[in-house]
Amino acid sequence: MRIFIYKILILTISLFFLYQFTVGYSVYKFQQKIYSNLNKETSENIKSKIREELKAGLKKDKILNNEDSALLRDFFNKIKLEINSSK
Amino acid sequence: MIKDKKIYILVLFFSTYIFLGLFIYQDFGIGIEEHFQRKNGFYWLDYLLSFSDYHVLKEAVNLKYKEILLSNPNLPNIVFFNYYGIIFDVPIAFIESIFNLENSKTYFEIRHILIFLIFLFSSFFFYKILFKRFNFPIAFLGLCIYSLTPRIFGDSFHNNKDILFLSLLTIAISYLFNFFDKTNNKSLIIFCLFSALATSTRIMGIYLPILFILFIYLEFLTNKRSLINFFGLFFKIIFFYLIFLYLHYPYIWQLNIFEISDWFSKFFFSMNLNILFNGHYYSMNYLPRSYLPTWIFISTPFILLIFFIFGAFLFLKRFFYRLVNISNHKPHGSDLWVSNNEKKDMFILFSFFSFLLYAIFFNVAMLSGWRHFYFLHIFLTYISVFGLFNLIIYFKKKISMKIIYSLLMLPIILLIYENVKFHPYQSLYFNNLMSKEQIKRFQVDTPSLSRVDALKSILIDSPNKKKIFIANSSWTPFINGKDLLAPESKKKLVFTGQDFKKADYIYDNFIYKSDEKYNKSHMIPSDFTIFKKLEIKNVHIYSIYKKNIR
């Protein structure tokens, strides 16, 4: 009985460490990345960065090259057509 | 004669320590949690008095509590954070009310003296633990390490929670070891009392009776204890522990006994703050696993780390030796120890590593360095002393004992030197392994101790101004620093928060809520120049900027 209890304890602790150093470690690293980077503060910073880039883009004479502008025009026209034709 | 000599040395040590403490206690700043703890004291005193008929006192306490709510509206909501113990805060609130102390400097300084004396008291118990386990010189050296380790020494003047917990834990362990030496009800009851007091201070104190029960169970397994003896002790521990806990802890009076999970849920609540650790900001709930070991490693004197590593190695070696030698043959003691001294060592080893592994693997939310784990100091010191003891045994055959004991003075001299060098910022100590650039990668003044010092410097610089406008570029409750100033000085100060335009001075202790790369709110405007920069060794503690006069 006594030896059995020790064996169970050692096995449980070994399994715990095995999990923590393999699967647990990867899961934790992932969680850490998500929760440390995607907080409210960071999302606000990303939003303000996008705003700044948009403002900077407006100051330029030309934002898109000819090929991209033609592509976007065709894309928007197609979308517009589909929206208008929907019931 | 020898016994007299030992007593003289001890009396000299403690009287010097008390004298020194009373001489320097006014140099320390105000801790970041002290205002909340004062509020906690009045909240519970008000509650306790509601069962009595002392109307005058009741009114005085109620008035004080309301005054705290008005003057510090940003403190955490006590109705939610009401699970902190009352053992320190309520008596202090009682003293403040009875003597009608109106000067904030006085009542905060009383807190500082009292926590210092409690820590000093616990250091005597730590000495007793070591003296019974080792010998006088080693025990005395351990006492010096316990009481002079810079971060602990510094915090013993203002940290009313973590140092209180460390002190109560030390006293509880001292009585537990007395029980190991000689089984008696007195030691058991006092152990349960201090375990209960420790638990209400920090929930982690609950481990004391649990580990004690595990130890007696291990002895029962080897037939060292009978079933009746095991269950007898088990029920005694549970009974006295719960009784003492219930008697002094009003938080549990209000709980529903059928919803036990609610008891604990509050203790594991944490804010979602970002913490600077090793150059990166992490969510405090998902800190790197190296967080606690790194903090211990960088903020403990290097010489103690060497002794600790050696001691821990010997402890673990013996533990694994005992573990692999367990057989069907039943030993004299337990399977994991053969004597009372080994049993004590094993208790320390289990305590230290279970908390260390818990902090590493169970996403424990931490902030302010490792102050929530300062209670590990008793185990760290014990293991270091064990390492040192074994080093002495090894060198005893080669070097004369006089030389060895003279060499042992070196760590004490080093500790005293570090304390003098960092005074009054011992709480912000980093060891010599850290360069200036490396220290910048960590948050330093997390207890916001520098607030008072900064305000004093500003007041000296503007003696004739009727009003001084001060802003704060850090994420720290700067305004609370004024409570350790004289009333006439307090009246001169106007705090403008982060409104730098109105300010004459800006204070910065480099604690920010989020990454400085993105958050520009703390950037010092160009019309301010540096007025004071406090740097001790490689540690930059705070800076004050002054508005240029045109």
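A brief structural summary. Everything numeric in this text was worked out from a predicted model, so none of it was measured. (Residues numbered from 1 in each chain as written. Chains lettered and ligands numbered in written order. Predicted model: local features only at pLDDT ≥ 70, side-chain atom pairs only at ≥ 80, totals over all residues.)

Remarks on the overall build of chain B
Thinking step 1. In terms of regular secondary structure, chain B is built from 21 helices and 7 strands.
Thinking step 2. Taken against the 2.2 N^0.38 rule, which gives 24 Å for 550 residues, the C-alpha radius of gyration of chain B at 25 Å falls within 12% of a compact globule.
Thinking step 3. With respect to the principal axes defined by its C-alpha atoms, chain B has extents near 85 × 65 × 50 Å.
Thinking step 4. Each of the 550 residues in chain B was classed as buried or not, and the buried ones make up 40%.
Thinking step 5. In chain B, the proportion of contacts linking residues at least 24 apart, taken out of those at least 6 apart, comes to 76%. (Helix = DSSP H or I, 4+ residues; strand = E, 2+ residues; numbered from the N terminus. Rg over C-alpha atoms; globule rule 2.2 N^0.38 Å. Buried ≥ 20, exposed ≤ 12 C-beta atoms within 10 Å, placed from the backbone. Contact = placed C-beta atoms within 7 Å.)

Side note on the overall build of chain A
Thinking step 1. Within chain A, the secondary structure is distributed over 4 helices and 0 strands.
Thinking step 2. Against the globule reference of 12 Å for 87 residues, chain A gives a C-alpha radius of gyration of 28 Å, more extended than a compact globule.
Thinking step 3. By its C-alpha atoms, chain A is 80 × 40 × 25 Å across when sized along the principal axes.
Thinking step 4. For chain A, buried positions account for 1% of its 87 residues.

Describing the interface of chain A and chain B
Thinking step 1. Contacts between the two partners involve 12 residues from chain A, matched on the other side by 14 residues from chain B.
Thinking step 2. Elements with a contribution of two residues or more to the side of chain A that touches chain B: helix H1 (2–21), helix H2 (23–37) and helix H3 (40–59) of chain A.
Thinking step 3. Looking at the side of chain A that touches chain B, its residues break down into 4 nonpolar, 6 polar and 2 charged. (Nonpolar A, V, L, I, M, F, W, Y, C, P; charged D, E, K, R; others polar.)

Brief notes about the packing of H1(A) against H2(A)
Residue and element names in this part refer to chain A.
Thinking step 1. Axis separation between H1 and H2 bottoms out at 3 Å; the angle between their running directions is 45°. Here H1 lies oblique to H2, going by the angle between them. Across from Tyr-19, Gln-20 and Phe-21 in H1, the residues of H2 making contact are Val-23, Gly-24 and Tyr-25.
Thinking step 2. In terms of residue class, the contact of H1 with H2 is made up of 4 nonpolar, 2 polar and no charged. (Axes fitted to C-alpha atoms, helices over the stretch in contact; angles between N-to-C directions. Parallel < 35°, antiparallel > 145°, perpendicular 65-115°, else oblique.)

Section: the sheet that holds strand S4 (residues 493–495) of chain B
Residues and elements named next belong to chain B.
Thinking step 1. Spatially, 5 strands are ordered S4-S3-S5-S7-S6 in an open sheet, and the strand pairing comes out mixed. The sheet is open, and its two borders are formed by S4 and strand S6 (528–536), each paired with just one other strand. Geometrically, the sheet is characterised by an average inter-axis angle of 25° between neighbouring strands, direction not taken into account.
Thinking step 2. Sheet topology note: the strand S3 (residues 468–472)/strand S5 (residues 505–508) ladder contains 3 bridges and is parallel. (Pairing = 2+ DSSP bridges.)

Concerning unusual backbone geometry
Residues and elements named next belong to chain B.
Thinking step 1. Here the amide bond leading from His-423 into Pro-424 is cis, since omega sits at 0°, within 30 degrees of zero.
Thinking step 2. Turning to its location among the elements, Pro-424 is positioned in the loop between helix H18 (401–422) and helix H19 (436–439).
Thinking step 3. Even without being a glycine, Asn-363 presents a positive backbone phi close to 45°.
Thinking step 4. Mapped onto the fold, Asn-363 is located in the loop between helix H16 (340–361) and helix H17 (376–396).
Thinking step 5. A positive phi is found at Phe-510, a non-glycine position, where the angle reads about 65°.
Thinking step 6. Here Phe-510 lies in the loop between S5 and S6.
Thinking step 7. Overall, the presence of 21 C-beta atoms within 10 Å leaves Phe-510 in the buried class.

Side note on the nonpolar core
All names here are of chain B.
Thinking step 1. Core analysis: the largest hydrophobic core is formed by 111 residues, its most contacted members being Leu-168, Leu-169, Ala-172, Cys-192, Phe-194 and Val-385.
Thinking step 2. Among the elements that line this core, the one with the most residues is helix H8 (residues 162–181), at 12 residues.
Thinking step 3. Every residue in contact with Cys-192, bar those within four places of it in the chain, is listed here: Ile-237, Phe-240, Tyr-241 and Phe-244.
Thinking step 4. Ranked by size, the runner-up nonpolar core spans 18 residues in total, among them Ile-30, Val-452, Phe-478 and Tyr-542. (Core = buried A, V, L, I, M, F, W, Y, C linked by C-beta atoms within 7 Å.)

Let's talk about the pairing of strand S1 (residues 274–277) of chain B
Thinking step 1. Every second residue of S1(B) is oriented toward a common face, with Asn274(B) and Leu276(B) on one face and Ile275(B) and Phe277(B) on the other, all of them buried.
Thinking step 2. Hairpin remark: S1(B) followed by strand S2 (residues 280–283) of chain B, antiparallel, with 2 residues in the connecting loop; positive phi at Asn278(B), about 50°.

Examining the pairing of S6(B)
Residues and elements named next belong to chain B.
Thinking step 1. Of the strand pairs in this sheet, S6 and strand S7 (residues 539–547) are connected by 8 bridges, and their pairing is antiparallel. Residue Thr-529 lies in a different strand from S7, and its bridge partner there is Lys-546.
Thinking step 2. Where S6 folds back on S7, the antiparallel hairpin that results is connected by 2 residues, among which Lys-537 adopts a positive phi of roughly 50°.

Considering the packing of helix H6 (residues 136–148) of chain B against H18(B)
All names here are of chain B.
Thinking step 1. Two numbers describe how H6 lies on H18: the axes approach to 10 Å, and their chain directions differ by 10°. Of the possible angle classes, the one that applies to H6 and H18 is roughly parallel. Crossing handedness for the pair H6 and H18: left-handed. Together, Pro-137, Leu-141, Cys-144, Ile-145 and Leu-148 of H6 and Tyr-405, Leu-408, Pro-411, Ile-412, Leu-415, Ile-416 and Asn-419 of H18 make up the contact between the two elements.
Thinking step 2. In terms of residue class, the contact of H6 with H18 is made up of 11 nonpolar, 1 polar and no charged. (Left-handed = near helix turned anticlockwise from the far one by under 90°.)

What about helix H14 (residues 291–299) of chain B?
Thinking step 1. All buried positions along H14(B) are accounted for by Tyr291(B), Leu292(B), Trp295(B), Ile296(B), Ile298(B) and Ser299(B).
Thinking step 2. Where the residues of H14(B) are buried, they touch helix H7 (150–155), S1 and H16 of chain B.

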